[in-house]
Amino acid sequence: FPSHDNNSKGYQIVNIDSSLCLEAPKIKPHVAKMQACIAETLNIGIEDISIKATTTEKMGFVGREEGLVAYATCLLAAK
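Conventions we followed
Residues numbered from 1 in each chain as written. Predicted model: local features only at pLDDT ≥ 70, side-chain atom pairs only at ≥ 80, totals over all residues. Heavy atoms only, no water. Salt bridge = Lys/Arg side-chain N within 4 Å of Asp/Glu carboxyl O. Helix = DSSP H or I, 4+ residues; strand = E, 2+ residues; numbered from the N terminus. Buried < 20%, exposed > 50% of the residue type's maximum accessible area, 1.4 Å probe, protein only. Core = buried A, V, L, I, M, F, W, Y, C linked by side-chain atoms within 4.5 Å. Contact = heavy atoms within 4.5 Å.

(A) Looking closely at the pattern of salt bridges. One pass over the structure, following the stated rule, counts 3 salt bridges. Between Lys52 and Asp17 there is a salt bridge whose closest N-O contact spans 2.4 Å. Residue Lys52 is found in strand S2 (residues 49-54), and its partner Asp17 is found in strand S1 (residues 11-21); the two are separated by 35 residues along the sequence. For Lys52, a relative accessible area of 36% gives the class partly exposed. The class for Asp17 is partly exposed, based on a relative accessible area of 33%. Here Glu23 and Lys58 are joined by a salt bridge, their closest N and O atoms 3.9 Å apart. Placement of the pair is Glu23 in the loop between S1 and helix H1 (31-42) and Lys58 in the loop between S2 and helix H2 (60-63), with a sequence separation of 35 residues.

In structure tokens, the structure reads:
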């Protein structure tokens, strides 16, 4: 993805909080690389990106490892 000018619409990204719901693989070894890719793409600091994971305790399609669920919340501030 090309870098975006996050200020072009009068807003700037303050931070991003994301959660992944999956049984496998473990994402901890990949979090830093994921943060770096997102930070570079969005022109924000790595420290402004939170990535965490949880399981569904073997429940549903996620628990059966048929897929995953991802949630993200982005805090924006007007310039």
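(B) Representation of the nonpolar core. Core analysis: the biggest nonpolar cluster contains 11 residues, these being Ile13, Ile16, Leu20, Leu22, Ile27, Val31, Ala39, Leu42, Ile44, Ile49 and Ile51. Looking at this core, the elements that each hand over two or more residues are S1, H1 and S2. With residues up to four places along the chain from it excluded, the contact list for Ile16 reads Ile38, Leu42, Ile44, Asp48, Ile49, Ser50, Thr73 and Cys74.

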